[in-house]
Amino acid sequence: MCSEKTVGEAELAEREKLAEQVTQKLLLAGFTPSRRGAFPGSGGFQVNVDFAADAHGGVFVTWHTSESLRDEAIASKLSGEESPSLEYFRSLTKIMQSAMIEVLSAAGWHACDAANDMNPYAIRVEDREK
């Protein structure tokens, strides 16, 4: 069994503080937080803290489209067809990723594509000093 090494309490507190600040700046900019499951069909941003001590750890932001658009895009992908819904989903997600990167950069953080194959539109957010 392999255990993933996690950051210490001080670093975890810093990441959680950054995640809260990121959330507040996105709210101030007018973005809506994702409430997946709570309000079926709604989309929005989601901020996550990864506790890993390696390069996979940090603060990440992801945009979620509405569940109905996501479901249409998944069905299209599974059928092997490039439907307008799938293209719209891809375009919208990329546009929102770019917009949030710009907003977070304007707020003073280093924000960039997280380069995560499992979550291709995730944004990594770091303090500029790091």
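Small disclaimer: the values here were computed from a predicted structure and weren't measured. Counting restarts for each chain, with residues numbered from 1 along the sequence as it is written. With the structure being a predicted model, the display of local features is reserved for residues of pLDDT at least 70 and the display and counting of side-chain atom pairs for 80 or more, all residues being used for whole-chain, interface and lining totals. Calculation of side-chain values draws on the structure's entire complement of heavy atoms; hydrogens and water are dropped beforehand.

(A) Molecular detail of the sheet that holds strand E4 (residues 123-127). In this analysis, strands are considered paired if DSSP registers two or more bridges between them. Secondary structure elements follow DSSP: runs of H or I no shorter than four residues count as helices, runs of E no shorter than two count as strands, and numbering proceeds from the N terminus. A sheet is described by the order of its strands in space; here four strands give the open sequence E1-E2-E4-E3, paired in antiparallel fashion. Both edges of this open sheet fall to strand E1 (44-50) and strand E3 (109-113), since each of them pairs with a single strand only. Adjacent strand axes in the sheet meet at a mean angle of 25 degrees when their direction is disregarded. In terms of strand pairing, E1 meets strand E2 (residues 58-64) through seven bridges, oriented antiparallel. Paired with Val47 across the bridge in E2 is Val61. Only heavy atoms matter for contacts: two residues are in contact if any of them lie within 4.5 Å across the pair. Axis angles are defined between N-to-C directions and span 0 to 180 degrees, where every axis is a line fitted to C-alpha atoms and, for a helix, only to the segment in contact. Packed on one face of the sheet, helix H1 (residues 9-28) meets E1, E2, E3 and E4 and runs near 170 degrees to E1. Across the sheet, helix H3 (residues 84-106) lies against E1, E2, E3 and E4, angled at about 165 degrees from E3, the strand it touches most.

(B) Main features of the packing of helix H2 (residues 67-79) against H3. Orientation of H2 relative to H3, taken along the N-to-C sense of each, is 125 degrees, at an axis distance of 8 Å. When the interaxial angle is binned, H2 and H3 end up oblique. Relative to H3, H2 is oriented so that their crossing is left-handed. Counting all contacts with H2, which are made through Leu69, Arg70, Glu72, Ala73, Ser76 and Lys77, the residues of H3 involved are Ser85, Leu86, Tyr88, Phe89, Arg90 and Leu92. Considered class by class, the residues forming the contact of H2 with H3 number six nonpolar, two polar and four charged. Angle categories are assigned with fixed cut-offs, so that under 35 degrees is roughly parallel, over 145 is roughly antiparallel, 65 to 115 is roughly perpendicular, and the rest are oblique. A crossing counts as left-handed when the near helix is turned anticlockwise from the far one by less than a right angle, and as right-handed when that turn is clockwise. Charged means Asp, Glu, Lys or Arg here, nonpolar means Ala, Val, Leu, Ile, Met, Phe, Trp, Tyr, Cys or Pro, and polar covers whatever is left, Gly included.

(C) Quick peek at the packing of aromatic side chains. Only Phe, Tyr and Trp rings take part, Trp by its six-membered ring, and two of them pair if their centres are within 6.5 Å. Stacked means planes under 30 degrees apart, edge-to-face means over 60, and tilted covers everything else. Per the counting criterion, the structure on display carries one aromatic pair. Plain terms: the ring middles of Phe31 and Trp63 are 6.2 Å apart, the flat faces sit at 70 degrees to each other, and that makes the pair edge-to-face. Here Phe31, found in the loop between H1 and E1, pairs with Trp63, found in strand E2; they are 32 residues apart in sequence, far enough to count as distant.

(D) Spatial organisation of the pattern of salt bridges. By definition, a salt bridge exists where a carboxyl oxygen of Asp or Glu is found within 4 Å of a side-chain nitrogen of Lys or Arg. For the coordinates displayed, the defined rule picks out four salt bridges. One salt bridge in this structure joins Arg90 and Glu82, with 2.8 Å as the shortest N-O distance. A residue is classified by how much of its surface remains accessible, and Arg90, at 26% relative accessible area, is partly exposed. Glu126 is paired through a salt bridge with Arg124; the nearest N and O atoms lie 4.0 Å apart. Categorising residues by exposure relies on relative accessible area from a 1.4 Å probe, with only protein chains included: less than 20% of the type maximum marks a residue as buried, more than 50% marks it as exposed, and the intermediate range marks it as partly exposed. Glu126 sits in the partly exposed class, given a relative accessible area of 27%.

(E) Quick peek at the confidence of the model for the protein chain. Mean pLDDT over the protein chain stands at 88; residues scoring 70 or higher make up 92%. Each residue gets a pLDDT score, which is the predictor's confidence in that residue and runs from 0 to 100. For the protein chain, the element scoring lowest by mean pLDDT is H2, at 91; E3 scores highest, at 96.

(F) A look at H1. Under the convention used throughout, the expected extent of a helix is 1.5 Å for every residue step, that is, one less than its residue count. In this model, H1 (20 residues) spans 29 Å end to end at C-alpha, consistent with the 28 Å of a helix rising 1.5 Å per residue. For H1, the elements touching its buried residues are E1, E2, H3, E3 and E4.

(G) Representation of H3 in the model. A rise of 1.5 Å per residue sets the reference length of H3, with its 23 residues, at 33 Å; its end C-alpha atoms lie 33 Å apart and thus fit the reference within 8%. Within H3, the full set of buried residues consists of Ser85, Leu86, Thr93, Met96, Gln97, Met100, Ile101 and Leu104. Structurally, H3 contributes buried residues whose contacts are with H1, E1, E2, H2, E3 and E4.

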